[in-house]
Amino acid sequence: MNFQKICVLGLGYIGLPTASTFATNGVRVVGVDVNPHVIETLRNGNIHIHEPGLRTVVEAALKSGNLTVSTAPEEADAFLIAVPTPFYEDQVQEYEGRKYKLADMRAVASAAEAIVPCLRKGNLVVLESTSPPRTTVDLIIPILERSGLKVGTDFFLCYSPERVLPGQILRELIENARVIGGVTPESAKAGHNLYAIFVKGNIIETDATTAEMVKLMENTTRDVNIAIANEFARLAEKFGVDVWEAISLANLHPRINILSPGPGVGGHCISVDPWFFVEAAPELTPLIYEARQVNDGQPHFVVKKVKQALGELKGKKIAALGLAYKPDVDDLRESPATEVVHLLQNEGAQVRVWEPFKPEADMQGINMAPSLDAALSNADLILLLVKHTEFLKLDPNEVGSKTKARFLVDCVNGWNLEQWKHAGFNIFRLGVNKS
Ligand code: SAJ
C-alpha cells in the first residue's frame, strides 16, 4: 500500500509528534484538532505542549509544507486517531463495594464519526488512543461502516498503541517496538506498512483486541509494581528498616526488579489505564483495583511523614519542591504532588510550591513561588516531592543559608542523608523510620 497522504486526528502529546514525524519522513499530513486554539497556535509557528525536541520537528514539518493543520479531516490514504480517553467526572459504578470510574470514549467516537464522510475504498484507519478492550471491534467498526463500506474488504482497520515515555517521545516513537493489531490480517499488514515509514523498532502484527490488551497490561503491570513498592515502604517504616536500602539489596537478585516508592502515581497513563480493565471486568480485577487504591493513598503517607517532623501543621510553613507528575517533565496532570499540597493545606499548613518546569502554573488553590529562594525563605520544612535533576544537585549548605527550615522530608530518596545532616538539617524520608 502506498501512503501519500494521511490525516492525524488529535494533536496532543502523541498526535503532534506522530504527525510531524510522518511529515518529516516525506508523507503529506493533515493534522486535525477540534480545538481551534491548538490549530491557531501551530499556524503561528508555536507549539502548545512541552516535549524535548518537539519544537524542532514540528517546525521542520511545517516548513517542508508536508504538515498542514485543520479543524476537520479530509480525504486521505490513512487516518490515525490519537485523541484523549479520560473518565467521566460525574459517573461512578460499584462492584462488591469497589467503586470505579467509567471511560469517556466520546472523543474517540466523534473522531471516528468525523472520518466517515472522508472514508474511501482502500483506506486504512488506525486507533492509537488507549482504550478499553474490544473498543476497536465494538465501537469503531459500527461507526465506520456507516459509510456504507465494509471493514476488511473495503477498508482496513487497526489498533496500534503508542508506548512512548513522556520526555523521550521523539526517540521512542522511532525506536520502540510497535504492535499492530488488525481486525483482519490484511489490516495488520496495511498498518505494518504505514508505521514502517519511520519506525526502526520491531513491528509485530496481531489482532486488534490483543493489541488493546497489550497496552493496558503494560501500564497496569507498572502500576501494580509501584503499588507493591509503596506497600514495602509502609512495611519498612513499621519494622524500622530503610526501604531504599532494602530495595537496592533485593534488586541484586537477578530476577527481581522492585520499582521506587514515592508520593503516588500520576500522569495520564499509569494512574488511568488500569481502570479500563476494572471497568471492563470488575469481577476479575481485585488486585488491579487494590493497587490503584494503594497508589492513590500514598499522598496521605506523605502528610503523616510531615506531621512526624513538625507535629501539628496548623500555621506551619512548608516549601514544597516539585509539582510535576514525575521527574524532569513540566506535566502537572494528575500529579500526586498536587494532592499532597491540598492535604497539607487542609491540615492548616501554608505551602509554597517551587516547580522549576512551570513556575507560573495556574493551579487552583496552590500558591506557586516565583523562585526556589522565595519558597525557601520563610519555611519551617522543606518537602521534596519530585526527583527533578536540578533538586538533586542542590547544595545542602547553600540551601541552609537561605532558609530557617531545619526539617526536610524526602519522598523520593533524592538527597544524601549524611550531607544534609551535616548541613544542619533533620531529615525524614518516606519508607524510613530510623533514627
Ligand atoms: N513512579 C513511581 N515509582 C517508579 C516509577 C514511576 O512512583 O518506580 C511514578 C512516577 O513518578 C509517575 C508515575 O509513576 O507519577 C508514572 O510515571 P512513569 O514514568 O512510570 O510513566 P508515564 O506515565 O510517564 O509513561 C507510561 C509509560 N509506560 C510504561 O513505562 C509501562 C510509557 O511507555 C507509556 O507510553 C505511557 O505510560 C502511556 O502513554 O501510556
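Here, every reference points to the structure presented above.
Residues numbered from 1 in each chain as written. Predicted model: local features only at pLDDT ≥ 70, side-chain atom pairs only at ≥ 80, totals over all residues. Heavy atoms only, no water.

Participant: For this particular structure, what's the right way to read the site of the ligand?
Facilitator: Inspection of the region around the ligand gives 20 residues, with V164, K215, N219, R222 and Y325 positioned closest. In this structure, an oxygen atom belonging to the ligand sits 2.5 Å away from a side-chain N or O atom of R222. Within the backbone of G266, a nitrogen or oxygen atom sits 2.9 Å from an oxygen atom of the ligand. Applying the majority rule of atoms within 2 Å of the grid points places the ligand in the second largest pocket. (Near = heavy atom within 4 Å. Polar contact = N/O pair within 3.5 Å; in protein donor to acceptor, adjacent residues only side chain to side chain. 1 Å grid on protein atoms, 1.4 Å probe; cavity = no way out; pocket = protein on both sides within 12 Å on 5 of 7 lines; lining within 4 Å. Sits in = over half its atoms within 2 Å of the grid points.)

Participant: What am I meant to see in the pattern of salt bridges here?
Facilitator: A side chain of one charge can pair with a side chain of the opposite charge if their charged atoms are brought near each other. For the structure on display, the rule yields 22 salt bridges. A salt bridge links K150 to E145, with the nearest nitrogen and oxygen atoms 3.3 Å apart. By relative accessible area, which is 23% here, E145 ends up partly exposed. In this structure, the salt-bridge partner of E162 is K215, at a minimum N-O distance of 3.4 Å. Taken as a pair, E162 in the loop between β8 (156–159) and α6 (169–175) and K215 in helix α8 (residues 208–239) lie far apart in primary sequence, 53 residues in all. Considered together, E162 and K215 belong to a single accessibility category, that of buried residues. One connected set of salt bridges, linked through shared partners, spans D223, R292 and D296. (Salt bridge = Lys/Arg side-chain N within 4 Å of Asp/Glu carboxyl O. Buried < 20%, exposed > 50% of the residue type's maximum accessible area, 1.4 Å probe, protein only. Helix = DSSP H or I, 4+ residues; strand = E, 2+ residues; numbered from the N terminus.)

Participant: Looking at this model, I keep getting lost on α8. Mind explaining?
Facilitator: It helps to recall that an α-helix has 3.6 residues per turn; residues three or four apart then point in one direction. The first and last C-alpha atoms of α8 sit 47 Å apart over 32 residues, in line with the 46 Å expected at 1.5 Å per residue. Sitting at the head of α8, D207 places a side-chain oxygen 3.2 Å from the backbone nitrogen of T209. Just downstream of α8, G240 is the residue with a positive phi angle, here 70 degrees. (Expected span 1.5 Å × (residues − 1).)

Participant: How should I be thinking about the layout of surface pockets in this particular structure?
Facilitator: To find leftover empty space, one rolls a probe the size of a water molecule over the atoms. In this structure, the largest pocket occupies an estimated 1,200 Å³ of space. Lining the largest pocket are 50 residues; nearest its centre among them are G267, H268, V272, R333 and E334. Going through the elements one at a time, β5 (87–95), α10 (273–280), α11 (286–310) and α12 (336–346) are the ones with two or more residues in the lining of the largest pocket. Among the residues forming the lining of the largest pocket, the class breakdown is 22 nonpolar, 15 polar and 13 charged. There is about 980 Å³ of room inside the second largest pocket. If you go around the second largest pocket, you meet 40 residues; those closest to its centre are R222, I226, Y325, K326 and P327. At the level of secondary structure, the elements contributing two or more residues to the lining of the second largest pocket comprise α8 and α12. Ranked by residues supplied to the lining of the second largest pocket, first place goes to α8 with eight residues. (Points joined across faces, edges and corners; volume = space filled by probe spheres on them. Nonpolar A, V, L, I, M, F, W, Y, C, P; charged D, E, K, R; others polar.)

Participant: Looking at this structure, I do not really get a nonpolar patch on the surface. What am I missing?
Facilitator: A grouping of I228, F232, L235, F239 and V241 is seen on the molecular surface, where their side chains present a nonpolar patch of about 430 Å² in accessible area. Turning to its location among the elements, L235 is positioned in helix α8. Among the residues examined, L235 registers a relative accessible area of 39% and is labelled partly exposed. (Patch = residues over 30% accessible without salt bridge, like charges linked within 9 Å, V, L, I, M, F, W, Y side chains within 5 Å. Areas by Shrake-Rupley, 256 points an atom, 1.4 Å probe, with all protein chains shown as cover.)

Participant: I keep staring at the pairing of β5 and nothing clicks. Help me out?
Facilitator: Two faces, one strand: in a regular strand the side chains alternate between the faces of the sheet. Examined bridge by bridge, β5 and strand β6 (residues 98–103) share five bridges and lie antiparallel to one another. For F87, the partnering residue across the bridge sits in β6 and is A103. (Pairing = 2+ DSSP bridges.)

Participant: Looking at this model, I keep getting lost on the sheet that holds strand β7 (residues 124–127). Mind explaining?
Facilitator: Spatially, the eight strands line up as an open sheet ordered β3-β2-β1-β4-β7-β8-β9-β10, and their pairing is mixed. Strands at the two margins of the open sheet, each flanked by one partner only, are β3 (67–70) and β10 (203–207). Going across the sheet, the axis of each strand differs from the next one's by a mean of 25 degrees, ignoring polarity. The pairing of strand β4 (residues 78–81) with β7 spans four bridges and is parallel. When the sheet's bridge partners are listed, A78 is paired in β7 with L124. Along the sheet, helix α2 (residues 36–43) contacts β2 (28–32) and β3; its crossing angle with β3, the most-contacted strand, is approximately 150 degrees. (Axes fitted to C-alpha atoms, helices over the stretch in contact; angles between N-to-C directions. Contact = heavy atoms within 4.5 Å.)

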